[in-house]
Amino acid sequence: MPQAHPDLAAALIRLGRIKYDEVDLDVVLSTIAQVAKDTIHGTAEVSVTLVQGAEAHTAAYTGDLALTLDEWQYEQGRGPCLDAATTGAAMLVPDMSAESRWPEWAVRADEAGAASSLSIGLPIQEAMVGALNIYGAAPGVFNDQVDLAQTLAGYAAIALANVHLYESTATLAQQMQEAMQSRAVIEQAKGIIMGQRRCSAEEAFAILARVSQDSNRKLREVAESLVDRAVHGGRE
């Protein structure tokens, strides 16, 4: 059984240390970019492109060179990072001086100091795709590292999916907690009204609803106000 690439193994350990309850998507993307820079030999700078609909932007980058090269592609509406993001494929540019698919961008990239590049598609979530963009200072440095970069990108995509899932779950949990808190304070307010007016629960709720409608306030706000006055000895 072949042994794992030592640099990849170290990279996966770093990605595995991400604590999704303590960081947001921006931190995860920045970590992925830095891990890729440290793992793929010959890398000058790395960036992560996110594409949602027709809008693309660089969400993380290790240096200004990567940001500049990305933005030139966004201006032209084409380039390896955009093609990788939309197709999910690997886009290798072995030598900028001989690149014919994106000739104008390649000339500018070469002049800026990037002699090669490798972009790997990243599935982020249903409405968003992305690419891991790796820029090299010399030609041909990524020719034998495409598989390594794709494997790393695959694990990076898992990390992104995990943080998205955690954020979605945390949002749902917060919404449920708020709903339970609203219900609790409304039940308290109903109890106060029932005690004061000797009415049923249905009648107490109708009173709360009428005050909410007449005052153009949310039902929870009306209930909180009533409970607060009762707690502090005020009158309805």
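Look up a bit, the structure's there.
Residues numbered from 1 in each chain as written. Predicted model: local features only at pLDDT ≥ 70, side-chain atom pairs only at ≥ 80, totals over all residues. Heavy atoms only, no water.

(A) The arrangement of the overall build of the protein chain in detail. The secondary structure content of the protein chain amounts to eight helices and five strands. In the protein chain, the order of α-helices and β-strands from amino to carboxyl end is α-α-β-β-α-α-β-α-β-β-α-α-α. The buried share of the protein chain, taken over its 236 residues, is 38%. When contacts within the protein chain are restricted to residue pairs at least 6 apart in sequence, long-range pairs at least 24 apart make up 58% of them. On the protein chain, roughly 13000 Å² of surface is accessible, and the fraction owed to carbon and sulfur atoms is 52%. (Helix = DSSP H or I, 4+ residues; strand = E, 2+ residues; numbered from the N terminus. Buried < 20%, exposed > 50% of the residue type's maximum accessible area, 1.4 Å probe, protein only. Contact = heavy atoms within 4.5 Å. Areas by Shrake-Rupley, 256 points an atom, 1.4 Å probe, with all protein chains shown as cover.)

(B) Just helix α3 (residues 64–76), in detail. The first and last C-alpha atoms of α3 sit 19 Å apart over 13 residues, in line with the 18 Å expected at 1.5 Å per residue. The complete set of buried residues in α3 reads A66, L67, L69, D70, W72, Q73 and Y74. Close packing links the buried residues of α3 with β1 (43–52), β2 (55–61), α4 (80–87), α5 (103–112) and β5 (128–136). Just beyond α3, the residue with positive phi is G77, at close to 75°. (Expected span 1.5 Å × (residues − 1).)

(C) Representation of the pairing of β5 within the structure. Among the nine residues that make up β5, eight are buried, leaving the element largely enclosed by the rest of the structure. Bridge count for β1 against β5 is eight bridges, and the pairing is antiparallel. Each residue of the ladder has a partner; that of S47, found in β5, is N133. (Pairing = 2+ DSSP bridges.)

(D) Representation of the packing of α3 against α4 within the structure. Taken N-terminus to C-terminus, the directions of α3 and α4 make an angle of 75°; their axes are 8 Å apart at the nearest point. It follows that α3 is roughly perpendicular to α4 by the angle criterion. The segment α3 lies against α4, with D70, Q73 and Y74 engaging P80, C81 and L82. (Axes fitted to C-alpha atoms, helices over the stretch in contact; angles between N-to-C directions. Parallel < 35°, antiparallel > 145°, perpendicular 65-115°, else oblique.)

(E) Representation of the packing of helix α7 (residues 201–215) against helix α8 (residues 219–231). One way to put it is that α7 packs onto α8 with a least axis distance of 9 Å and a crossing angle of 110°. Taken together, the axis directions place α7 and α8 in an arrangement best described as roughly perpendicular. Where α7 crosses over α8, the handedness of that crossing is right-handed. Contacts between α7 and α8 pair F205, L208, A209, V211, S212 and S215 from the former with L219, V222, A223 and L226 from the latter. For the contact of α7 with α8, a count of residues per class yields eight nonpolar, two polar and no charged. (Left-handed = near helix turned anticlockwise from the far one by under 90°. Nonpolar A, V, L, I, M, F, W, Y, C, P; charged D, E, K, R; others polar.)

(F) Examining the nonpolar core more closely. Counting 25 residues, the largest nonpolar core has V48, L118, L122, L132 and I134 as its most contacted members. Of all the secondary structure elements, the ones that give two or more residues to this core are α2 (25–39), β1, β4 (116–125), β5 and α6 (146–197). No other element matches the seven residues that α6 contributes to this core. One finds A66, A85, V93 and W105 within the second-largest nonpolar core, a separate group that totals 19 residues. (Core = buried A, V, L, I, M, F, W, Y, C linked by side-chain atoms within 4.5 Å.)

(G) The side chain of S47, seen in detail. Mapped onto the elements of the fold, S47 is located in strand β1. A distance of 2.5 Å separates a polar atom in the side chain of S47 from a polar atom in the side chain of D70. Those residues in contact with S47, other than ones at most four positions away along the chain, are T58, A60, Y61, A66, D70, A131, L132, N133 and Y135. (Polar contact = N/O pair within 3.5 Å; in protein donor to acceptor, adjacent residues only side chain to side chain.)

(H) Examining unusual backbone geometry more closely. Of note, R198 is a non-glycine position whose phi angle comes to about 55°, a positive value. Look at N216: it is not a glycine, yet its phi comes out positive at around 55°. Considering the arrangement of structural elements, one finds N216 in the loop between α7 and α8.

(I) Looking closely at the pattern of salt bridges. Applying the stated criterion across every chain, the model contains four salt bridges. Taking the shortest distance from any N to any O, the salt bridge between E187 and K190 comes out at 3.3 Å. A residue pair is termed a helical-turn pair when its members lie 3 or 4 positions apart in one helix, as E187 and K190 do in helix α6 at three residues. A relative accessible area of 13% means that K190 is categorised as buried. (Salt bridge = Lys/Arg side-chain N within 4 Å of Asp/Glu carboxyl O.)

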